[in-house]
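Chain by chain, the residues run as shown.
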There are 2 protein chains.
Amino acid sequence: MNGNPTHIYKHRQIAILAFEDCEILDVCGPLDVFAGTDGWLGRIGRTSAPAYSWSLLAPWAGPVVTASGTRLVADRRFDEAGDGIDTLLIAGGEGVERALGNTSLMDWLNRMGRQVRRIAAISTGAFLLAGSGVLDGHRATTHWACCARLADSYPNIRVETDRLWVRDGSVYTSGGAFAGIDLALALIEEDWGKDIAVLVSHGRRPYEYRATA
Amino acid sequence: MNGNPTHIYKHRQIAILAFEDCEILDVCGPLDVFAGTDGWLGRIGRTSAPAYSWSLLAPWAGPVVTASGTRLVADRRFDEAGDGIDTLLIAGGEGVERALGNTSLMDWLNRMGRQVRRIAAISTGAFLLAGSGVLDGHRATTHWACCARLADSYPNIRVETDRLWVRDGSVYTSGGAFAGIDLALALIEEDWGKDIAVLVSHGRRPYEYRATA
């Protein structure tokens, strides 16, 4: 234990959804932010036990080939994730089109959208939230190259361009992979304050947390 | 085929070295840059066949647990990588200390340092290049929090602080995980020019390629 924790906190389960041909950085950027935060909180004595746990979900447990060809290992199938998820992150990438055809995944996302405290899509992961109905009537953004397509395909979503990320209630969406890191840092700020978000981004220097969307 | 290639080019093999408890972003950031470049070059018609291939190496083939707990899958064992590597990247992370004790890995890195066109360490991966002798007499940098320790441990390395990355001959080193992305973009600029490096970074918006170290 590193000093006395100065903050009453709740352990939170983070889950990140990957799928075949997802963008590896959409997964690993936010994941690195949550893992880094947990490390910092312990080192500076803000927590005496892990603040976060995180797991990688996919349509199946085991190796998932990302769009880069490099494989990540999913910890479990999405529908085996249980009910304890606090924040669910959804990657984007080339494989989004195929994932949209997975009706049990779409049903699960729709249910999660009503159940979790926060649901957040990185980059073109927004199309999965759109396809599952989670973005209905919401403000949202996506990868800059795909904003027009999102707006055309889903007229009931108010697509905001040129934003790093957008929060609308419990639903968050971000631009490309790097904006996904900004979004993850913003979630850290919500949970732990700006000083911690800045500390985590500085630890990965020279990334500067911009603290606004 | 997307248009006619306007550039005579050579196919290049990129390899990234991971190990237990390496930093996942040190691996996935640069990997995403090379994969992204390959995609862009094809889409804009600069190439008619892949410009790069890449593989993930580790002390063993198969799943490697990173410091975040999430697993990447190594394509092959480092000493099965063959002689065709053009650019070898080395991740950093908590696991560096243990990797330094792997004498066959150190011998291999030493040999690679004399063999490959470019060898590049991300963040505390610099300690692996130092331990294997590749950085002897070189200018180098590492994660900002570890510059003093690198200089103290290896007096024959000229450690430069407050640089995104350092090139000294064929040996490259970078600051933390995000500086590793800058370094990867600089390697792309060397191979394909600044316009392509900017295009790749813009594609991952809002990351801005700084084009200087």
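Residues numbered from 1 in each chain as written. Chains lettered and ligands numbered in written order. Predicted model: local features only at pLDDT ≥ 70, side-chain atom pairs only at ≥ 80, totals over all residues. Heavy atoms only, no water.

## Quick notes on the interface of chain B and chain A
Taken residue by residue, the interface counts 35 residues in chain B and 35 residues in chain A. When the two sides are added together, the surface that chain B and chain A hide from each other amounts to roughly 3100 Å², 61% of it contributed by carbon and sulfur. Put simply, chain B and chain A have two salt bridges between them. For Asp 75 of chain B, the salt bridge identified is with Arg 71 of chain A, shortest N-O distance 3.3 Å. At the boundary of chain B with chain A, the tally comes to six residue pairs in polar contact (both at pLDDT 80 or more). For the side of chain B that touches chain A, the secondary structure elements donating two or more residues are helix H1 (24-43), strand E2 (52-58), strand E4 (71-74), helix H6 (177-192) and helix H7 (194-203) of chain B. In terms of residues, the side of chain B that touches chain A owes the most to one element, H1 of chain B, which gives seven residues. Its residues placed into classes, the side of chain B that touches chain A shows 19 nonpolar, seven polar and nine charged. As paired strands, strand E4 (residues 71-74) of chain A and E4 of chain B are joined by three bridges and run antiparallel to one another. Its bridge partner lying in E4 of chain B, Val 73 of chain A is registered against Arg 71 of chain B. (Contact = heavy atoms within 4.5 Å. Buried area = accessible area lost by both parts, 1.4 Å probe. Salt bridge = Lys/Arg side-chain N within 4 Å of Asp/Glu carboxyl O. Polar contact = N/O pair within 3.5 Å; in protein donor to acceptor, adjacent residues only side chain to side chain. Helix = DSSP H or I, 4+ residues; strand = E, 2+ residues; numbered from the N terminus. Nonpolar A, V, L, I, M, F, W, Y, C, P; charged D, E, K, R; others polar. Pairing = 2+ DSSP bridges.)

## Topic: unusual backbone geometry
At Ser 123 of chain A, a residue that is not glycine, the phi angle is positive and equals roughly 55 degrees. If you trace the backbone, Ser 123 of chain A turns up in the loop between strand E7 (118-121) and helix H4 (126-131). The exposure class assigned to Ser 123 of chain A is buried, which follows from its relative accessible area of 6%. A positive phi angle, close to 65 degrees, is found at Asp 21 of chain B, a residue other than glycine. (Buried < 20%, exposed > 50% of the residue type's maximum accessible area, 1.4 Å probe, protein only.)

## Description of the relation of the copies chain B and chain A
For the pair chain B and chain A, the best superposition has an RMSD of 0.0 Å and corresponds to a rotation of 180 degrees with a translation of 0.0 Å parallel to the axis. As the rotation angle and translation indicate, the two copies are arranged about a two-fold axis. No C-alpha of chain B approaches the rotation axis more nearly than that of Leu 72 of chain B, which lies at 2.3 Å. Mapped onto chain A, 100% of the interface residues of chain B are again interface residues, and the two copies thus contact each other with one and the same surface. (Least-squares fit on C-alpha atoms with pLDDT ≥ 70 in both.)

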